[in-house]
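# Chains, contacts and geometry: an overview
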Amino acid sequence: MGSNSSRIGDLPENEYLRKLSGPESVSENDPFWNQLLSFSFPAPTSSTDLKLLEEATVSVCRSLVENNPRTGNLGALIKVFLSRTKELKLSVECQNHIFIWQTHNALFIICCLLKVFICEMTEEELQLHFTYEEKSPGSYGSDSEDLLEELLCCLIQLITEIPLLDITYEISVEAISTMVVFLSCQLFHKEVLRQSVSHKYLMRGPCLPYTSKLVKTLLYNFIRQEKPPPPGTHAFPQQSEGGGLLYGLASGVATGLWTVFTLGGVGSKAAASPELSSPLANQSLLLLLVLANLTDAADAPNPYRQAIMSFKNTQGPSPFPSSIPHAFQINFNSLYTALCEQQTSDQATLLLYTLLHQNGNVRTYMLARTDMESLVLPILEILYHVEERNSHHVYMALIILLILTEDDGFNRSIHEVILKNITWYSERVLTEISLGSLLILVVIRTIQYNMTRTRDKYLHTNCLAALANMSAQFRSLHQYAAQRIISYTCRHLRRYVYVLDKLYSPHSHCSTLQRCFSALSDNGEELLSLTCSHILRSYASSLFSLLSKKHNKVLEQATQSLRGSLSSSDVPLPDYAQDLSVIEEVIRMMLEIINSCLTNSLHHNPNLVYALLYKRDLFEQFRTHPSFQDIMQNIDLVITFFSSRLLQQAGAELSVERVLEIIKQGVVALPKDRLKKFPELKFKYVEEEQPEEFFIPYVWSLVYNSAVGLYWNPQDIQLFTMDSN
C-alpha cells in the first residue's frame with residue numbers, strides 16, 4: 001500500500017498492491033516490503049466503508065489468486081510477518097513504534113487477503129497457495145513448511161505472549177481478528193463442519209500446547225475490558241531527515257504513526273453495542289466462543305472446550321489432578337463481576353450459559369455468592385424486554401435461570417434478597433420486592449408474551465420448568481407475584497373452557513365468551529372475573545362431565561366434526577383447536593406449581609392463599625376435570641378450609657388485612673397430613689442431541705453482527721439466513 005494510499009477507493013490502483021498481486025515474484029528480503037507496509041488511510045467507521053474495503057480487497061485478491069501459484073508472493077508476505085514477530089517482544093521493550101506499526105500492517109493485509117481467499121476457494125486450494133515454495137533449477141525435493149499452520153501458531157503466540165500496552169493494543173486485536181477469519185470457512189457451508197484444516201491445526205501439533213494459555217488470555221481480555229488507547233497516545237515521534245528505519249520513505253510518513261483502524265466502532269453495528277467500548281474484549285470473547293464450539297475431532301475431544309470446562313478459581317485450595325488436560329486457574333471474582341456487567345450483549349450471556357452449564361467449579365462458585373442479584377437482575381431485564389431481544393438471547397437467559405433454579409439453596413436465598421425501586425419494571429410500581437418474587441413476575445410475563453405472540457413451546461416449557469423448580473421454596477411471596485400466579489392460571493382456565501366449547505359445539509357461537517376473550521389484553525384478567533362466572537357455571541359442569549367419561553375420544557370426535565365442517569382435510573384446524581393441548585399442559589403445570597407451594601410452604605405464603613380464595617369460584621369448576629382431578633385435591637382442600645373460616649366471620653367487616661390475619665391463623669390449624677404428597681417438582685436442563693446444530697450458527701451470527709472491523713458479503717453466507725441473526 002505504501003505511503004501514497006490515502007483513501008480506500010484508491011487501493012485497487014495502488015502500485016504496491018499491484019506489485020504484490022502481479023506476475024512478478026518479490027523476494028522476502030526485498031526492500032519493497034518496507035514500502036508496502038508503511039501505509040495509512042482513513043479509518044473505516046461505517047459498514048459502508050468496511051464494504052468498500054472488502055470490495056477493494058477482492059479485486060486485489062483475484063489478481064493474487066491468478067498469479068500467486070507462479071510468484072509465491074503470498075508466502076513471502078507471510079514469511080516477512082513471521083520474521084518480524086520473532087523480534088516483536090524486543091521491539092515492544094524498546095518502544096520501536098515503526099516496527100510494531102509495520103508488523104501490524106503486514107498482519108492487516110494478511111487478514112484481508114485470507115478472508116477473501118477463504119470465502120472464494122476450497123481448503124485444498126487455500127493450502128496450495130500457502131505451500132508454494134520456489135525451487136532453484138535442478139532441485140527435486142524440498143521439505144516445504146506449512147505456512148498456514150506456522151501462521152496460526154504465530155498468532156496464538158502473539159496473543160498470549162506479547163504484553164498488552166498502548167502500542168500493542170491494535171496488533172493484539174488484529175491477531176485475534178485474523179484467527180476468527182482463519183476459522184470463518186464455517187460461514188460458507190450450510191452444514192456444520194466436523195473436520196477442516198483449521199480443526200486439524202488447532203487440535204494437534206504445535207498449536208495444542210498453547211490451548212490453556214490462549215483460553216486464559218481471551219478470558220482475561222474479556223474480564224479487563226481494556227479500552228483502546230487515545231489517538232495521541234502512540235503518536236510516532238518526528239524523525240530526522242532520512243529516518244533510518246523508514247528505508248527512505250517519503251518524509252510525510254514520519255510525521256506520525258498512522259493506524260489502519262480507530263478501533264472504537266463499526267458504524268451502525270457498534271452504535272447500540274456498549275461492549276464495543278473495548279474492541280479487544282469483544283473480539284476475544286467472540287474467538288473464545290468460536291473455539292469452545294468447534295466440533296470434536298474424530299480421535300480427540302475439543303481441547304478448548306476441555307479448558308473451559310475445567311479451569312478453577314485462583315483462590316481455590318486444591319491442585320488439579322494430573323488427568324485433567326489443559327487446566328488453568330483464573331480469578332473467579334473478576335470473572336463474576338465482568339459477567340454481571342456485560343449481560344447486555346448476546347455473547348456475554350452465551351459465555352455465562354457455557355460456564356454455568358459446562359464448568360462445575362464456576363457454577364458452584366456463583367451459587368455460593370451472597371450478591372446473586374448482581375447476576376440475576378441483568379438476566380431478568382433481558383427477559384423483561386423480550387420484545388427487543390432476538391430469540392436466541394432470550395433462550396440463553398431463560399436457560400441460565402433454569403440451571404440456577406436446579407439448586408435449592410438458590411431458590412431459598414432469592415426470597416431473602418429484598419430489592420427496592422425496580423425502575424425497568426413498568427407494569428406496576430415495585431417499591432420493595434424480593435428477588436424471588438420479581439423472578440416469578442418476569443417469568444410469568446415471558447410465558448404470557450410467548451403464548452400470545454411467538455407461540456414457542458420450547459420457551460414456555462422452560463419457563464414453567466424454572467417456576468416448578470422454585471415452587472417448593474416459595475417464601476413470603478409479594479402480593480402482586482401471588483396474584484399473577486393465580487390470575488395467569490385463571491386466564492388459561494377460562495381460555496380452556498372457551499376452546500373446549502368451540503371444539504365440542506363449533507356452531508354454538510358462545511358470543512359472550514368470545515367477546516370476553518377478544519377484549520382480554522395482556523394484563524386484563526380482571527375484565528373476565530365477573531363477566532365469565534355465570535357462563536363458566538353453565539358450561540363447565542356439562543363439558544367436564546362429558547370429558548370425564550371418555551376424555552380423549554370426545555376430543556377426537558369434536559376435532560373430526562370440526563374438520564368436517566371445514567369441508568376439506570387440507571384446511572388446518574383453527575388456532576384454538578391446535579392450542580387445546582398446549583393450554584391443558586400449561587394449566588396442569590401451573591396447578592402443580594400452586595400445589596407444590598401449598599404443600600411445602602403454605603405457612604410462608606398467605607398472599608398466595610388470599611389470591612386463591614379471591615378466584616375460588618373458577619377453581620371450583622375444575623375439581624371434576626379428568627386431567628386435573630388429582631392435582632386439584634389439595635387446592636380444593638385449601639379453598640374449602642379457608643373459605644369455611646372466613647364464613648365463620650359472617651357479619652364482620654373483612655378488610656384485606658383481616659383476611660390475611662385469618663389465613664395466618666388458619667395455617668396453624670390446618671392438619672398437614674390432610675394434604676396429599678406429590679413427587680417433588682424438579683426439572684434439569686439437558687442439551688439436546690447435537691447441540692452444535694444450534695450453537696455454531698448462533699455463534700457465527702454473533703461474529704457476523706458484532707465483530708469489530710470485519711465484514712462479509714451477506715450473499716456469501718450459507719450457515720444462516722440473514723433474518724435469523
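## Looking at the overall build of the protein chain
- Summing up its helical and strand segments, the protein chain has 33 helices and four strands in all.
- Relative to its 725 residues, the protein chain shows a buried fraction of 56%.
- When contacts within the protein chain are restricted to residue pairs at least 6 apart in sequence, long-range pairs at least 24 apart make up 74% of them.
- Working note: accessible area of the protein chain is about 31,000 Å², and carbon and sulfur atoms make up 50% of it.

## Things to note about the pattern of salt bridges
- Overall, the coordinates contain 15 salt bridges when judged by the stated rule.
- Two residues, D371 and R369, come together in a salt bridge whose shortest N-O distance is 2.9 Å.
- The partner of R588 in a salt bridge is D630, with the nearest N and O atoms 2.7 Å apart. A residue pair is termed long-range when its members are at least 10 positions apart, and R588 in helix α28 (residues 575-601) and D630 in helix α31 (residues 629-647) qualify at 42 residues.
- Classification of D630 by relative accessible area gives partly exposed; the value is 26%.
- Here the residues in one salt-bridge network are R194, E692 and E693, joined through shared partners.

## Considerations on the environment of P231
- Position of P231 relative to the elements: it lies in the loop between α11 (211-224) and α12 (268-271).
- P231 gets classed as exposed once you look at its relative accessible area, which sits at 73%.
- With 65 residues separating them in the primary sequence, P231 and D166 have C-alpha atoms 10.0 Å apart.

## Observations regarding the nonpolar core
- Residues L36, F81, Y425, L438, F619, W700 and W712 are the most contacted members of the largest nonpolar core, which totals 234 residues.
- The contact partners of F81, leaving out residues within four places of it in the chain, are T103, A106, L107, I110, L151, C154, L155 and L158.

## Let's talk about unusual backbone geometry
- With a phi angle near 50°, Q225 is a residue other than glycine that sits in the positive phi range.
- Inspection of the secondary structure assignment puts Q225 in the loop between α11 and α12.
- Taking the relative accessible area as the measure of exposure, Q225 reaches 16% and is therefore buried.
- Positive phi is not limited to glycine here, since H326 has a value of about 60°.

## Examining the confidence of the model for the protein chain
- Summing up the model confidence of the protein chain, the mean pLDDT is 81 and the portion of residues at 70 or higher is 78%.
- Within the protein chain, no element has a lower average pLDDT than α12, which sits at 33, and none a higher one than helix α16 (residues 346-358), at 97.
- Below pLDDT 50 for its whole length, residues 234-275 participates in 91 contacts with residues either more than four positions away or in separate chains.

## Digging into the side chain of S310
- Here S310 lies in helix α14 (residues 303-310).
- With a relative accessible area of 11%, S310 lands in the buried category.
- From its side chain, S310 meets the backbone oxygen of Q306 in a polar contact 2.8 Å long.

## Description of the packing of aromatic side chains
- Under the counting rule described, the total for this entry stands at 19 aromatic pairs.
- Among the aromatic residues, those joined into a ring-pair cluster are F311, F328, F332, Y336 and Y365.
- The ring of F99 has R84 lying over it, and the distance from NZ or CZ to the ring centre is 4.8 Å.
- The positively charged end of R445 is found above the aromatic ring belonging to Y384, 4.1 Å away from the centroid.

## With respect to helix α9 (residues 169-182)
- Given a rise of 1.5 Å per residue, 14 residues ought to cover 20 Å, and the 20 Å separating the end C-alpha atoms of α9 matches this to within 8%.
- Burial of α9 is extensive: 14 of the 14 residues sit out of reach of the surface.

## Structural notes on the packing of α11 against helix α13 (residues 279-292)
- Packing of α11 against α13 brings their axes to within 8 Å, and their N-to-C directions diverge by 140°. On the basis of their axis angle, the class for α11 and α13 is oblique. For the pair α11 and α13, the crossing hand works out as left-handed. Where α11 approaches α13, its residues L214, V215, L218, L219, N221 and F222 are matched on the opposing element by L280, A281, S284, L285, L287, L288 and L291.
- Among the residues forming the contact of α11 with α13, the class breakdown is 11 nonpolar, two polar and no charged.

Cut-offs applied
- Residues numbered from 1 in each chain as written.
- Predicted model: local features only at pLDDT ≥ 70, side-chain atom pairs only at ≥ 80, totals over all residues.
- Heavy atoms only, no water.
- Helix = DSSP H or I, 4+ residues; strand = E, 2+ residues; numbered from the N terminus.
- Buried < 20%, exposed > 50% of the residue type's maximum accessible area, 1.4 Å probe, protein only.
- Contact = heavy atoms within 4.5 Å.
- Areas by Shrake-Rupley, 256 points an atom, 1.4 Å probe, with all protein chains shown as cover.
- Salt bridge = Lys/Arg side-chain N within 4 Å of Asp/Glu carboxyl O.
- Core = buried A, V, L, I, M, F, W, Y, C linked by side-chain atoms within 4.5 Å.
- pLDDT = per-residue confidence, 0-100.
- Polar contact = N/O pair within 3.5 Å; in protein donor to acceptor, adjacent residues only side chain to side chain.
- Phe/Tyr/Trp six-rings, centres within 6.5 Å; stacked < 30°, edge-to-face > 60°.
- Lys NZ or Arg CZ within 6 Å of the ring centre and 35° of its normal.
- Expected span 1.5 Å × (residues − 1).
- Axes fitted to C-alpha atoms, helices over the stretch in contact; angles between N-to-C directions.
- Parallel < 35°, antiparallel > 145°, perpendicular 65-115°, else oblique.
- Left-handed = near helix turned anticlockwise from the far one by under 90°.
- Nonpolar A, V, L, I, M, F, W, Y, C, P; charged D, E, K, R; others polar.

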